[in-house]
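As a plain string of letters, each chain reads:
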Amino acid sequence: MKKLVLLGALALSVLSLPTFADEKPLKIGIEAAYPPFASKAPDGSIVGFDYDIGNALCEEMKVKCVWVEQEFDGLIPALKVRKIDAILSSMSITDDRKKSVDFTGKYYNTPARLVMKAGTQISDGLTELKGKNIGVQRGSIHERFAREVLAPLGAEIKPYGSQNEIYLDVAAGRLDGTVADATLLNDGFLKTDSGKGFAFVGPAFTDVKYFGDGVGIAVRKGDALKDKITTAIAAIRASGKYKQIQDKYFDFDIYGQ
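Residues numbered from 1 in each chain as written. Predicted model: local features only at pLDDT ≥ 70, side-chain atom pairs only at ≥ 80, totals over all residues. Heavy atoms only, no water.

Draft legend 1. Representation of unusual backbone geometry in the model. Look at the link from P35 to P36: it is a cis peptide, with omega at 5°. Tracing the backbone through its elements, the reader meets P36 in the loop between β1 (26-30) and β2 (39-40). The phi torsion at S90 lies on the positive side, around 50°, for a residue other than glycine. As for its placement among the helices and strands, S90 is situated in strand β5 (residues 86-92). (Helix = DSSP H or I, 4+ residues; strand = E, 2+ residues; numbered from the N terminus.)

Draft legend 2. Structural view of the nonpolar core. Counting 44 residues, the largest nonpolar core has F49, L57 and Y107 as the members making the most contacts within it. When sequence neighbours within four positions are dropped, the list of residues in contact with L57 reads L88, I217, I229, A232, I233 and I236. Residues L114, L126, V179 and F205 belong to the second largest nonpolar core, which totals 19 residues. (Core = buried A, V, L, I, M, F, W, Y, C linked by side-chain atoms within 4.5 Å. Buried < 20%, exposed > 50% of the residue type's maximum accessible area, 1.4 Å probe, protein only. Contact = heavy atoms within 4.5 Å.)

Draft legend 3. Structural detail: the state of the cysteines. Counted by the stated rule, this structure contains 1 disulfide. Across the disulfide from C58 sits C65; the S-S distance is 2.0 Å. The disulfide joining C58 to C65 has a torsion of about 90° about its S-S bond and is therefore right-handed. Like C65, C58 is buried. (Disulfide = S-S within 2.5 Å.)

Draft legend 4. Geometry of the packing of helix α6 (residues 163-171) against helix α7 (residues 182-190). Taken N-terminus to C-terminus, the directions of α6 and α7 make an angle of 60°; their axes are 11 Å apart at the nearest point. Considering the angle they form, α6 stands oblique to α7. The two elements α6 and α7 cross, and the hand of that crossing is right-handed. Of the residues in α7, those touching α6 at Q163, Y167, V170 and A171 are L184, L185, G188 and F189. A breakdown of the residues in the contact of α6 with α7 according to their chemical character gives 6 nonpolar, 2 polar and no charged. (Axes fitted to C-alpha atoms, helices over the stretch in contact; angles between N-to-C directions. Parallel < 35°, antiparallel > 145°, perpendicular 65-115°, else oblique. Left-handed = near helix turned anticlockwise from the far one by under 90°. Nonpolar A, V, L, I, M, F, W, Y, C, P; charged D, E, K, R; others polar.)

Draft legend 5. Layout of α7. Most of α7 is tucked away, with 7 of its 9 residues classed as buried. Regarding α7, the residues found buried are A182, T183, L184, L185, G188, F189 and L190. Summarising the contacts, the buried residues of α7 are in contact with β7 (112-117), α6, β10 (177-181) and β11 (198-205).

Draft legend 6. Focus on the sheet that holds β11. Strand order in the open sheet made by the 5 strands is β9-β8-β10-β7-β11, with mixed pairing throughout. With partners counted over all chains shown, the strands left at the sheet margins are β9 (156-160) and β11, one partner each. Averaged over all pairs of adjacent strands, the angle between strand axes in this sheet comes to 30°, irrespective of strand direction. Relative to β9, strand β8 (residues 133-137) runs parallel, the two being bridged by 5 bridges. Looking at β9, one finds that V136 is bridged to P159. Each of β7, β10 and β11 is contacted by α7, which is oriented at about 125° to β10, the strand it contacts most. (Pairing = 2+ DSSP bridges.)

Draft legend 7. Looking closely at the side chain of Q137. Tracing the sequence through the fold places Q137 in strand β8. Residue class for Q137 comes out buried when judged on its relative accessible area of 3%.

Draft legend 8. Spatial organisation of the packing of aromatic side chains. Enumeration over the complete set of coordinates arrives at 20 aromatic pairs. For the ring pair Y51 and W67, a centre distance of 5.0 Å and an interplane angle of 45° mean the geometry is tilted. Here Y51 is found in helix α2 (residues 49-61), whereas its partner W67 is found in strand β4 (residues 65-69), with 16 residues between them in sequence. The exposure class of Y51 is partly exposed, given its relative accessible area of 22%. Through pairs of rings, three or more aromatic residues link up here, namely Y34, F37, F49, Y107, Y108, Y242, Y249, F250, F252 and Y255. The positively charged end of R237 is found above the aromatic ring belonging to Y242, 5.1 Å away from the centroid. Its guanidinium or amino end placed over the ring of Y255, R237 lies 3.6 Å from that ring's centre, counting from NZ or CZ. (Phe/Tyr/Trp six-rings, centres within 6.5 Å; stacked < 30°, edge-to-face > 60°. Lys NZ or Arg CZ within 6 Å of the ring centre and 35° of its normal.)

Below, the structure written as structure tokens:
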């Protein structure tokens, strides 16, 4: 009888192993300098759309989220050396990045825009940018776009560590403008006191070559997390949790087409 009890206990412990494995914390890399997607509250905590989406996904997958702050251009290197398990930091799904990481399905999709002084006339050809100093976040898709499309037109491209630094120099007149995600620019700059007197100018930028197929969550090549997180994204959209988070920050469907 004692042997049967012992064998039963062993069987239960073996069966419970996958459960304990599933409870391993998920270390998520994020740059908390990208409002309204991720920024710091006065008490030092992280807030924003990306942060809330990540917590909802962890809850759906029944794992604990551990957030690891990192500058944007250091996120993929941190993923590769296993400092983090995933990147949830408004990272666009591009062919260039797919060479280094795998992506889940998208969790939002918005165009890029150019912000300059209100009243600045910029045509679809962008020729008016010749000689203009344009700030971009280092390591972003917007930097690549600016260097390959705007620089040949004569624009001077200035890379920065964070978008917040760019806003300071645009407001101070040290930059003529910046290219970034339209929602980020609208909520993080144009709607603030610093953004008064500035506006979107020129066309919206949506070229898949530079801006990819929306924004996804990056994981290491071949990691099964890709499918688990993609399934969780679909689940929170189906349950209404995604819309609840979206409506907290935006008055439009940020998921896009």
